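Results of the structural survey
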Amino acid sequence: ESATTPDFRISNTMNINFLINQTEYNPGETVLVEGTATKENGQSADGFVDLLFVPFNSSQNLTYKSTLDNGFFSVSFVLPKDTKAEKYLLSLNAYEKNANNETTNTGFATYKIGVNQVPTNLEIIRESSEVDPEQNLKIKAVLRDQTGEKIPSTVVMSLRDNFNEIRGQMEKATDEFWEYPIVYNEAPAKWDIVAISEGVTGESDFKIKEREIADIKIVNSTLVVINKGNVPYNETLTVKIDYVPVKIAVSLGIDEMRKYSLRAPDGEYYVEVFENGEPHASETLSLTGKAISVEEASKSLSLTTYPVAWIFVVLVLGFMFVMVLRKGYQRSF
């Protein structure tokens with residue numbers, strides 16, 4: 001006698017079904033992978049799972065292990081903070097083992113996730129840490145992600161002086177230089193640079209250098225010296241009239257001017273002016289006088305330079321004006 005059974009299938013395959021919806025993650029975030037594993041006959045599997053984290057552009061894989069309990073598995077891991085922004089493959093291998101520790105049923109599935117590019121650092125790049133007056137400060141900001149890669153964006157850069165006052169502000173594209181002009185008489189000091197982009201702040205500083213310099217010129221028979229630096233000008237000039245040297249000590253505040261009369265017995269003379277041995281001005285002039293000399297012709301007096309002197313002059317003039325009015329009133333009465 002013979003009998004025929006219904007068709008049946010012998011299989012060691014498990015079916016994997018993921019129960020996750022999230023596909024995008026940030027560096028440092030926890031990835032939770034959950035799902036179910038069932039046998040071909042529909043029974044829930046009990047065993048183990050190995051989760052392989054496979055970067056697309058790297059040969060370094062990370063493996064995480066967990067268990068299958070009544071067909072359910074849950075594996076979690078934290079993405080390294082320096083994980084590169086790209087696509088990654090999660091490879092899951094599920095399996096059962098018998099009493100002899102032999103693998104019986106197995107299942108395999110993959111899941112794709114992406115890691116976002118996250119701004120983490122804003123680098124301020126200066127062309128120089130020290131800037132001369134009448135030069136441009138050249139700076140730019142570079143926004144970088146978790147691996148140091150550049151992120152194109154916009155940045156707001158601010159300049160603060162040594163009194164914490166905002167002296168300049170500009171919004172530009174990242175990785176693009178901003179040129180800020182430093183005026184000729186800007187006082188030497190350390191300024192701060194503050195940049196903000198995508199919620200990330202970067203800071204740096206630079207120094208405005210001291211510059212002692214004067215504009216030295218000869219106008220007719222007068223030597224004119226103007227302080228064009230950002231510090232007081234204190235130098236000894238040598239004036240040669242007909243090759244006869246005359247030294248003059250010049251002391252000027254910022255933007256202050258002094259004039260010196262050039263004199264010599266009547267005639268034409270070749271006049272040169274030297275500062276620290278370097279020529280700065282020269283002219284052929286017709287001069288008059290009793291002897292070769294260089295004398296100060298006038299002094300620059302301003303309210304900002306000598307405020308106390310101006311206040312004293314105003315008080316004296318005011319007092320004299322009141323006295324004149326009083327005398328005139330008494331005489332009329």
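Since this is a predicted model, take the numbers as computed values, not measurements.

A word on the overall build of the protein. When helices and strands are tallied, the protein shows one helix and 24 strands. Burial analysis of the protein (333 residues in total) assigns 35% to the buried set. Residue pairs in contact within the protein that sit at least 24 positions apart in sequence constitute 59% of those at least 6 positions apart. When the accessible surface of the protein is split by element, carbon and sulfur atoms take 50% of a total near 20300 Å².

The subject of this paragraph is the environment of E40. Assignment of secondary structure puts E40 in the loop between β3 (30-39) and β4 (47-55). By relative accessible area, E40 is classed as partly exposed at 37%. Each C-alpha atom, one on E40 and one on T13, is 6.3 Å from the other, the two residues being 27 residues apart in sequence.

Moving on: unusual backbone geometry. Phi at D175 takes a positive value of approximately 65 degrees, unusual for a residue other than glycine. Structurally, D175 can be placed in the loop between β13 (166-173) and β14 (178-181). A relative accessible area of 32% places D175 in the partly exposed class. With a phi angle near 55 degrees, D242 is a residue other than glycine that sits in the positive phi range. Take D242: it is sitting in the loop between β19 (233-241) and β20 (244-252).

In this section: the packing of aromatic side chains. Here the structure, examined in full by the defined rule, presents 10 aromatic pairs. Arranged with centres 5.9 Å apart and planes meeting at 70 degrees, the rings of W178 and Y180 form a pair that is edge-to-face. Clustering of aromatic rings is evident, with ring pairs tying together F53, Y64, F77 and Y88. The ring of Y184 carries K228 above its face, with NZ or CZ at 5.2 Å from the centroid. One residue, K240, lies across the ring of F274, its end atom 5.1 Å from the ring centre.

Here the focus is the nonpolar core. Of all hydrophobic cores here, the largest spans 25 residues; its most connected members are F18, V31, V33, L68, F73, L90 and I113. For this core, the secondary structure elements donating two or more residues are β1 (14-18), β3, β4, β6 (72-78), β7 (87-97) and β8 (103-115). Filtering out sequence-adjacent residues up to four positions away, I113 remains in contact with Q22, T23, Y25, V31, F53, E86, K87, Y88 and L90. If you look at the next biggest cluster of nonpolar residues, it comprises 23 residues, including L223, I248, V250 and V273.

This part is about the sheet that holds strand β16 (residues 200-208). On the basis of which strands lie adjacent, the open sheet formed by five strands has the order β10-β16-β15-β12-β13 and mixed pairing. Taken across any chain shown, the strands that pair with only one partner, and hence form the sheet edges, are β10 (130-131) and β13. Sheet topology note: the β10/β16 ladder contains two bridges and is parallel. When the bridges of β16 are listed, V131 appears paired with I208.

There is a patch of nonpolar side chains on the surface, built from F312, V316, L317, F319 and M320 and spanning about 540 Å² of accessible area. Considering the arrangement of structural elements, one finds M320 in helix α1 (residues 307-332).

Averaged over every residue, the pLDDT of the protein is 89; residues scoring 70 or more account for 88%. The spread of mean pLDDT over the elements of the protein runs between α1, the lowest at 68, and strand β15 (residues 189-197), the highest at 98. Note on residues 299-306: pLDDT is under 50 here. Beyond four places in sequence and across chains, it has 11 contacts.

What counts as what
Residues numbered from 1 in each chain as written. Predicted model: local features only at pLDDT ≥ 70, side-chain atom pairs only at ≥ 80, totals over all residues. Heavy atoms only, no water. Helix = DSSP H or I, 4+ residues; strand = E, 2+ residues; numbered from the N terminus. Buried < 20%, exposed > 50% of the residue type's maximum accessible area, 1.4 Å probe, protein only. Contact = heavy atoms within 4.5 Å. Areas by Shrake-Rupley, 256 points an atom, 1.4 Å probe, with all protein chains shown as cover. Phe/Tyr/Trp six-rings, centres within 6.5 Å; stacked < 30°, edge-to-face > 60°. Lys NZ or Arg CZ within 6 Å of the ring centre and 35° of its normal. Core = buried A, V, L, I, M, F, W, Y, C linked by side-chain atoms within 4.5 Å. Pairing = 2+ DSSP bridges. Patch = residues over 30% accessible without salt bridge, like charges linked within 9 Å, V, L, I, M, F, W, Y side chains within 5 Å. Salt bridge = Lys/Arg side-chain N within 4 Å of Asp/Glu carboxyl O. pLDDT = per-residue confidence, 0-100.

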